[in-house]
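Each chain, written out:
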Amino acid sequence: MKLIILGPPGSGKGTQARLLENKFGLPQISTGDLLRKAIAKGTDLGKTVKEYMDDGKLVPDDLIIALIKKRLEKPDCENDFILDGFPRNLDQARALRDINKIDLVINLDVDMQDLRKRLISRRICPNCGAVFNLIRKPPKAEGICDNCGSKLRQRNDDTREVVSKRLITYMNETEPLIQYYRNKHKLKNIRDGKDIKGTFDKICNVLD
Ligand code: AP5
């Protein structure tokens, strides 16, 4: 199955995509993770995109479309994949339409107030990529990754100020994709139940 997980920042796209990857073996492709890896490695792409990401803006379409095109050409994406964070505007959605046929779009529908809280209290493991939340999913030992024991950190774009900018970027550029995919009869809306497992169960019901 070729799936898109759509939703605002902090709606749980990455969390749910990773659960789906574990359960069904579909490769999860997160453009945010690919970009953060490029920054960590200090590549030319990483140097170019850092400023946009730290400022809560979308990185330029030509860069992101080239990145996703290259990733989707890999053999593991021939039949199945989960896109997390792409497409993010109408031009990206049209570019994707020309690259690959999507089966289903899951839209994670979460209250704005919850999104702010989730993002500001998110902590990530820079080593294994595990995601925690100080309120909803705290690590067993404070500040330490349950999986690999590395020190957790906050993402640069999870500060109060940048979170506000990201939510505005979402409303202006990404939200129109809900109607775009609804018109194509591909969209399933999942009202978030405020707990990760409850949301995952709802998604699995849709996929059954
Ligand atoms: P990206 O990394 O994609 O960030 P995002 O879309 O803003 O989404 P997040 O990763 O912040 O949140 P999420 O929905 O994955 O939530 P998560 O599962 O972590 O992109 C970052 C930047 O890269 C962009 O701003 C842009 O600059 C650039 N970029 C990326 N793609 C691009 C593109 N296509 N075009 C242009 N630029 C692009 O969960 C959040 C927190 O909530 C966690 O702590 C989690 O534990 C908790 N949580 C999750 N689900 C629940 C639940 N149901 N109940 C309670 N808590 C929950």
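Before reading on, note that the structure itself is shown above.
Here is what the cut-offs are and how they apply
- Residues numbered from 1 in each chain as written.
- Predicted model: local features only at pLDDT ≥ 70, side-chain atom pairs only at ≥ 80, totals over all residues.
- Heavy atoms only, no water.
- Disulfide = S-S within 2.5 Å.
- Buried < 20%, exposed > 50% of the residue type's maximum accessible area, 1.4 Å probe, protein only.
- Salt bridge = Lys/Arg side-chain N within 4 Å of Asp/Glu carboxyl O.
- Helix = DSSP H or I, 4+ residues; strand = E, 2+ residues; numbered from the N terminus.
- Near = heavy atom within 4 Å.
- Polar contact = N/O pair within 3.5 Å; in protein donor to acceptor, adjacent residues only side chain to side chain.
- Areas by Shrake-Rupley, 256 points an atom, 1.4 Å probe, with all protein chains shown as cover.
- Core = buried A, V, L, I, M, F, W, Y, C linked by side-chain atoms within 4.5 Å.

Colleague: Describe in detail the state of the cysteines, supporting the description with residues and values.
Modeller: Counted according to the given criterion, the structure contains zero disulfides. The thiol of cysteine 125 is unpaired, and the distance to the nearest cysteine sulfur, on cysteine 148, comes to 3.5 Å. Note on cysteine 125: relative accessible area 3%, which makes it buried.

Colleague: Residues and numbers for the pattern of salt bridges, please.
Modeller: A complete count under the given rule lists 18 salt bridges for this structure. Its salt-bridge partner being aspartate 33, residue arginine 18 comes within 3.9 Å of it at the nearest N-O pair. Of this pair, arginine 18 sits in helix α1 (residues 13–24) while aspartate 33 sits in helix α2 (residues 31–41); the two residues are 15 residues apart in sequence, bridging distant segments of the chain. Classification of arginine 18 by relative accessible area gives partly exposed; the value is 24%. Across the pair arginine 155 and aspartate 157 runs a salt bridge, and its minimum N-O distance is 3.0 Å. Across this residue pair, the class does not change: arginine 155 and aspartate 157 are buried. What emerges from the salt-bridge pattern is a single network uniting Arg122, Arg155, Asp157, Asp158 and Arg166.

Colleague: How would you sum up the site of the ligand? Please name residues and give values.
Modeller: As a structural note, the neighbourhood of the ligand is formed by 36 residues, with Thr15, Lys57, Arg88, Arg122 and Arg166 the closest of them. Interatomic distance of 3.3 Å between a side-chain N/O atom of arginine 118 and a nitrogen atom of the ligand. Alone, the ligand offers 1000 Å² of accessible surface; in the complex the protein occludes 98% of this. Elements represented by at least two residues in the shell around the ligand include exactly α1, α2, α6 (112–120), β6 (131–133) and α9 (196–207).

Colleague: Explain the nonpolar core residue by residue, including any values.
Modeller: Core analysis: the largest hydrophobic core is formed by 26 residues, its most contacted members being Ile4, Leu72, Leu83, Leu96 and Tyr181. Of all the secondary structure elements, the ones that give two or more residues to this core are β1 (2–6), α3 (44–54), α4 (61–72), β3 (81–84), α5 (90–99) and α8 (176–183). Leu20, Leu104, Ile106 and Ile190 belong to the second-largest nonpolar core, a separate cluster that totals 13 residues.

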